Amino acid sequence: MKTKVWRVDPNIPDPRLLAEAAQAILEGKLVAFPTETVYGLGANALDRQAVQRVFVAKGRPAQDPLIVHLASAELLSQVARDIPPLAERLVKQFWPGPLTLVLWKQPHVLDEITAGLPTVAVRVPAHPVALGLLQVSGVPIVAPSANRFGHVSPTTAQHVLEDLEGLIEGILDAGPTPVGVESTVLDVTGSPPQVLRPGGISLEALQSLIGPVVYSARFAEAGDQLAPQRSPGLLAKHYAPRAELWLFLGGKEQALGKMRETAERLSSTGRRLGLLVSEEDRGLFSDLPLVVYSLGSERQLDKVAQRLYAGLRSLDRRGVELIFAREMATEGLGWAICDRLRRAASRVVE
Ligand code: AMP
Ligand code: MG
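Enquirer: Let's hear about helix H13 (residues 334-344): which residues, and what values?
Expert: Burial analysis of H13 places 11 of its 11 residues in the buried class, which makes it a mostly covered element. Along H13, the residues that are buried comprise Gly-334, Trp-335, Ala-336, Ile-337, Cys-338, Asp-339, Arg-340, Leu-341, Arg-342, Arg-343 and Ala-344.

Below is the structure:
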């Protein structure tokens, strides 16, 4: 299959191209499209075979449920039931936007989408191209990130093609996605609500609207699994580049010191080493033979989030075998950035 590329303006997409992409969705085909977070791999949520094709194209295990995307919040009751007042407040405040809510599902929602769970994950994306596709097709669209399972999520159409060219009908290419990390996933079926994945809406923003939320960092488990005595087969690796990633934790000075020391030591081994760092940090390594990708200033976490996945993919493309990175701030978008780095890491150095 030759994958079509429909180039569109991110703010005012050509209606004829949207109609072509929507037609493909209605025919049960797979269409990748930009959301404000990352590129999604879209399929008609009402078409069982189309949904099954998503799992095949991505190589995604069937027990990993998909997020349903809607054109507007008014459509929510078509897929979810017993919507608590708290969810209504979240919807008012954050939709369209990078917040996914897990709610009780309507009976007709396909088991393939929810992995057999009684709940459904749903959101309204804040991107004119995504909203255009949803409106024109007139159906809810499932859209996991448009990458092969376990790999780094795509923030450009080029990234999507790297993973899925020839496996999908087409892609709406509207340039890089503005947020750069996935949506925050919040389960509101229990009380207090529980964060299942940090993302584009910060913990502070959630708490200031609804008060306490439960969040048990799943990467803490991943951290446990990273302990040397455990089998590498147990690694909870996800969002990962091909290269190994070593993540340095702790206070800034200490982490940088260790990182510098390790880079120095390993640069004589002939391994191709990469550095994923803030603009502030890079100077410290300028005398070493490293392939560097700058994430921009660590004071601008929105820019760091935008560049994070592109950075991981870029270092892979340049043949790096081992990437060094340091954990930065955890507030705001830093929450999601840290989570993704932890999951991408094959080793955590404290
Ligand atoms: P992505 O593949 O990036 O679209 O990620 C979808 C995320 O939503 C995954 O972390 C899923 O585990 C989560 N998710 C989707 N549906 C549900 C559900 N019904 N209950 C809990 N988590 C869900
Ligand atoms: Mg994904």
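Enquirer: Describe the packing of helix H7 (residues 157-164) against helix H12 (residues 301-317), listing the residues and the values that go with them.
Expert: Where H7 contacts H12, the two axes come as close as 11 Å, and the packing angle between them is 55 degrees. Taken together, the axis directions place H7 and H12 in an arrangement best described as oblique. Our pair here, H7 against H12, has a crossing hand that is left-handed. Facing His-159, Glu-162 and Asp-163 of H7, the residues of H12 in contact are Ala-310, Arg-313 and Arg-317. By residue class, the composition of the contact of H7 with H12 is 1 nonpolar, 1 polar and 4 charged.

Enquirer: Can you break down the sheet that holds strand E12 (residues 244-248) residue by residue, with the values?
Expert: With parallel pairing, the 5 strands of this open sheet are ordered in space as E14-E13-E15-E12-E16. What marks the edges here is a single partner per strand, and that holds for strand E14 (291-294) and strand E16 (347-349). Pairs of neighbouring strands in the sheet enclose a mean axial angle of 20 degrees, with direction left out of account. In the sheet, strand E13 (residues 273-277) pairs with strand E15 (residues 322-326) via 4 bridges, with the strands oriented parallel. Bridge pairing in E15 places Leu-276 opposite Ala-325. Strand contacts of H12: E12, E13, E14 and E15, with the helix running at about 165 degrees to E14, the strand carrying the most contacts.

Enquirer: Residues and numbers for the pairing of strand E7 (residues 119-123), please.
Expert: Across the 5 residues of E7, 5 count as buried, placing the element largely inside the fold. Alternating positions in E7 separate into two faces, Thr-119, Ala-121 and Arg-123 on one and Val-120 and Val-122 on the other, with burial throughout. Note: strand E6 (residues 99-105) against E7, 4 bridges, orientation antiparallel. Directly across from Trp-104, in E7, lies its bridge partner Thr-119.

Enquirer: Which residues make up the site of ligand 1, and what values go with them?
Expert: In the vicinity of ligand 1 lie 15 residues, with Arg-60, Thr-119, Ala-121, Pro-144 and Arg-197 positioned nearest. Between ligand 1 and Arg-197 there is a distance of 3.0 Å, counted from an oxygen atom to a side-chain nitrogen or oxygen. Computed on the free molecule, ligand 1 has an accessible area of 500 Å², of which 85% lies beneath the protein chains in the complex. Among the elements of the structure, E7 and strand E11 (194-197) are those that each provide at least two residues to the shell around ligand 1. The dominant element in the shell around ligand 1, judged by the number of residues it contributes, is E7, at 3 residues. Classifying every residue of the shell around ligand 1 gives 10 nonpolar, 2 polar and 3 charged.

Enquirer: Which residues make up the packing of helix H1 (residues 15-26) against helix H6 (residues 128-137), and what values do they have?
Expert: Any two packed helices are characterised by the angle at which their axes cross and by the distance between the axes. Where H1 contacts H6, the axes come no closer than 9 Å and their chain directions differ by 60 degrees. As judged from the angle between their axes, H1 and H6 are oblique. Handedness of the H1/H6 crossing: right-handed. Contacts between H1 and H6 involve Leu-18, Ala-19, Ala-21, Ala-22, Ile-25 and Leu-26 from the former and Val-129, Gly-132, Leu-133, Val-136 and Ser-137 from the latter. In terms of residue class, the contact of H1 with H6 is made up of 9 nonpolar, 2 polar and no charged.

Each value, and the rule that gives it
Residues numbered from 1 in each chain as written. Chains lettered and ligands numbered in written order. Predicted model: local features only at pLDDT ≥ 70, side-chain atom pairs only at ≥ 80, totals over all residues. Heavy atoms only, no water. Buried < 20%, exposed > 50% of the residue type's maximum accessible area, 1.4 Å probe, protein only. Helix = DSSP H or I, 4+ residues; strand = E, 2+ residues; numbered from the N terminus. Axes fitted to C-alpha atoms, helices over the stretch in contact; angles between N-to-C directions. Parallel < 35°, antiparallel > 145°, perpendicular 65-115°, else oblique. Left-handed = near helix turned anticlockwise from the far one by under 90°. Contact = heavy atoms within 4.5 Å. Nonpolar A, V, L, I, M, F, W, Y, C, P; charged D, E, K, R; others polar. Pairing = 2+ DSSP bridges. Near = heavy atom within 4 Å. Polar contact = N/O pair within 3.5 Å; in protein donor to acceptor, adjacent residues only side chain to side chain. Areas by Shrake-Rupley, 256 points an atom, 1.4 Å probe, with all protein chains shown as cover.

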